[in-house]
Structures are given as C-alpha cells and as structure tokens.
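# A look at the structure
Below, each chain spelled out in residue letters.
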Amino acid sequence: MKYCILFILIITVSCKPTEKKLTAQEIIDKTILYSGADLVANSEINFIFRDKEYNAIRNNGKFSLSRKFDMITDELNNDGFIRTIDGNIAEIDSATIRVQSNAVNSVHYFSVLPFGLNDKAVHKKMLASSTIKNKDYYKIEITFSENGGGEDFEDVFIYWIGKDDFLVDYLAYSYHTNGGGKRFRVLKEQCTKNGVRFVDYHNYKPLDNKITLINIDKAFENNQLKKVSEIVLKDIEVKLFE
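What counts, and at which threshold
Residues numbered from 1 in each chain as written. Predicted model: local features only at pLDDT ≥ 70, side-chain atom pairs only at ≥ 80, totals over all residues. Heavy atoms only, no water. Helix = DSSP H or I, 4+ residues; strand = E, 2+ residues; numbered from the N terminus. Buried < 20%, exposed > 50% of the residue type's maximum accessible area, 1.4 Å probe, protein only. Lys, Arg positive; Asp, Glu negative; His and termini not counted. Salt bridge = Lys/Arg side-chain N within 4 Å of Asp/Glu carboxyl O. Contact = heavy atoms within 4.5 Å. Core = buried A, V, L, I, M, F, W, Y, C linked by side-chain atoms within 4.5 Å. Pairing = 2+ DSSP bridges.

### Overview of the side chain of Arg-58
Along the polypeptide, Arg-58 turns up in strand 2 (residues 52-59). The side chain of Arg-58 is buried and forms no salt bridge, while Asp-119, the nearest opposite charge, is found at 8.8 Å. Setting aside residues up to four positions removed in sequence, Arg-58 forms contacts with Val-40, Ala-41, Asn-42, Ser-43, Ile-45, Phe-63, Leu-65, His-108, Val-112, Phe-115 and Phe-241.

### Structural notes on unusual backbone geometry
Geometrically, the link from Leu-113 to Pro-114 is a cis peptide bond, its omega value of 15° lying close to zero. Turning to its location among the elements, Pro-114 is positioned in the loop between helix 3 (94-111) and strand 7 (122-132). Its identity is not glycine, yet Asn-60 carries a phi of approximately 55°, on the positive side. Residue placement: Asn-60 occurs in the loop between strand 2 and strand 3 (62-69). Assessed through its relative accessible area of 67%, Asn-60 is described here as exposed.

### Description of the nonpolar core
Counting 37 residues, the largest nonpolar core has Phe-47, Ile-142, Tyr-159, Ile-161 and Phe-198 as its most contacted members. Elements with a contribution of two residues or more to this core: helix 2 (24-34), strand 1 (43-49), helix 3, strand 8 (135-144), strand 9 (156-162), strand 10 (168-175), strand 12 (196-206) and strand 14 (234-240). For Tyr-159, the residues in contact, after removing those within four places along its chain, are Tyr-109, Leu-113, Leu-117, Tyr-138, Lys-139, Ile-140, Ile-142, Val-168, Tyr-170 and Leu-171.

### Things to note about the pattern of salt bridges
Scanning all chains against the criterion turns up eight salt bridges. Across the salt bridge formed by Lys-139 and Asp-217, the nearest N and O atoms sit 3.2 Å from each other. Here Lys-139 is found in strand 8, whereas its partner Asp-217 is found in helix 4 (residues 216-221), with 78 residues between them in sequence. Exposure remark for Asp-217: the relative accessible area of 2% places this residue in the buried category. The partner of Lys-188 in a salt bridge is Glu-189, and the shortest N-O contact between them spans 3.8 Å. The partly exposed category is assigned to Glu-189, whose relative accessible area is 45%. Taken together, the shared-partner salt bridges in this structure form one network comprising Lys-135, Asp-165, Asp-169 and Arg-197.

### Quick word on the pairing of strand 2
In regular strands, side chains alternate between the two faces of the sheet. Note that strand 1 and strand 2 share seven bridges and pair antiparallel. The residue of strand 2 that forms the bridge with Glu-44 is Ile-57. Connecting strand 1 to the antiparallel partner strand 2 that follows it, the hairpin turn spans two residues, and Arg-50 within it adopts a positive phi of roughly 50°. Pairing between strand 2 and strand 3: seven bridges, direction antiparallel. The residue bridging Arg-58 from the neighbouring strand is Phe-63, located in strand 3. What sits between strand 2 and strand 3 in their antiparallel hairpin is a turn of two residues, with Asn-60 showing a positive phi close to 55°.

Structure, rendered in structure tokens:
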C-alpha cells in the first residue's frame with residue numbers, strides 16, 4: 001500500500017504544470033502595462049524637479065519636452081532644440097544645444113520610466129533573478145543601438161522588477177558623461193496620477209569603483225554604496241488624450 005501511495009505522489013508531482021518562464025520582452029511589456037506607462041504616449045505631464053518646471057506633451061509620435069527656470073524656457077521636440085529667454089529666441093552654439101538637450105531629455109526620460117523601454121533602439125537581456133530585502137525580482141539589462149539610441153547610447157541600465165507585482169523598485173545605470181560613473185536608485189515613495197505610476201528615489205553611488213553594475217544590488221545589500229541625492233518629483237499633473 002505504501003508503495004502505491006508513493007507512486008501516486010510521484011505521478012501527481014510530475015504531472016504538475018511547470019511555471020511558464022517569461023522572456024525579458026514579456027516582463028517589460030507587463031511592467032509598462034502594470035505601471036500605466038502605456039498611457040504616457042498620449043498625454044500631457046507637468047511636474048517640478050529641483051525648482052524647475054517641466055512639461056511633456058506626447059501625442060501620436062509628436063512630442064514637446066520642456067523645462068522653465070528663471071526667464072529661460074528650453075524645449076526639445078521633433079524638430080530639435082530651442083531656447084527662449086524672456087520670450088525671445090536665444091542664439092546658442094551646437095555644444096550648448098547638445099548639453100542642454102540631453103539635460104532636458106534625461107529628466108523627462110527618467111520621470112516616466114518604464115515608458116520608452118520598447119523603443120526600437122532598446123535591447124533587452126534577461127539576467128539572473130535577484131532578491132533584495134527578501135523580495136524576489138526579475139533583473140533586466142537594457143542597452144541601446146547607436147542608431148536611434150541618442151547621445152548616451154553607450155549607457156547601460158539594469159531594472160529590478162518585482163516578480164509579484166511587475167513594478168520597478170530599483171534601477172541602476174552606468175554613464176560616460178562628466179567622467180562617467182554608476183548609480184543605483186532605490187524606491188523612496190510612489191504615487192499614481194490618472195493611472196500613471198511615478199516614483200521618487202534615493203540615489204546611490206558605489207564606494208568602490210571596482211563594483212560592477214551587475215553586482216551593484218549585492219553591494220547595496222552589503223552597505224557598499226553611498227547616498228548622493230534624492231530624485232523627487234513635485235506637483236505632478238497628468239492629462240490623458242483620447
């Protein structure tokens with residue numbers, strides 16, 4: 001009898017359906033949907049970041065990303081970059097245009113992540129799963145093609161996406177501007193505006209430059225990172241277009 005019961009248990013376990021393994025693409029699709037980032041493509045978003053006013057209008061592929069401070073307005077759109085000072089168009093050199101365009105785009109890019117992670121220039125790679133503070137995460141590496149990847153196409157990103165909720169709680173990136181470096185962002189607070197999730201972060205850097213980007217989550221758990229700033233968006237407003 002005991003052998004019969006054992007046989008039945010073996011058959012039951014062996015017939016149990018295995019958990020479907022998701023691809024990096026499927027995980028990104030889910031986190032875009034679960035965070036409401038799919039709504040960003042047709043919206044107007046306003047917020048304040050470090051005392052500057054930001055406005056983003058995206059509508060069927062057309063976009064206008066701007067910031068205002070003092071008497072200056074910088075705008076990046078489908079046609080390029082323009083700066084106005086007290087309502088008058090300013091003449092600026094190509095180097096300044098490149099730097100300021102990148103500054104405007106960077107803030108807007110980070111503000112609505114994971115929106116943008118399905119752009120044509122984006123490449124996704126599944127890394128080994130990770131556990132941070134007893135929560136299990138998918139770990140996705142993002143790289144960019146030179147064609148369409150923007151000024152910082154050589155930057156590398158890693159996203160930690162919760163296995164239970166498909167939301168990004170941590171992200172890390174390596175960059176090459178201003179001497180280069182690595183950053184690790186940790187969820188501070190989150191809110192939802194008109195169905196779109198926004199996240200404030202604690203921003204860290206490695207104490208040792210030898211810490212690799214792929215192991216920066218382990219370095220965080222081992223207190224090997226130093227907090228350098230906070231990423232906080234204020235007065236967020238979202239208007240969705242039909």
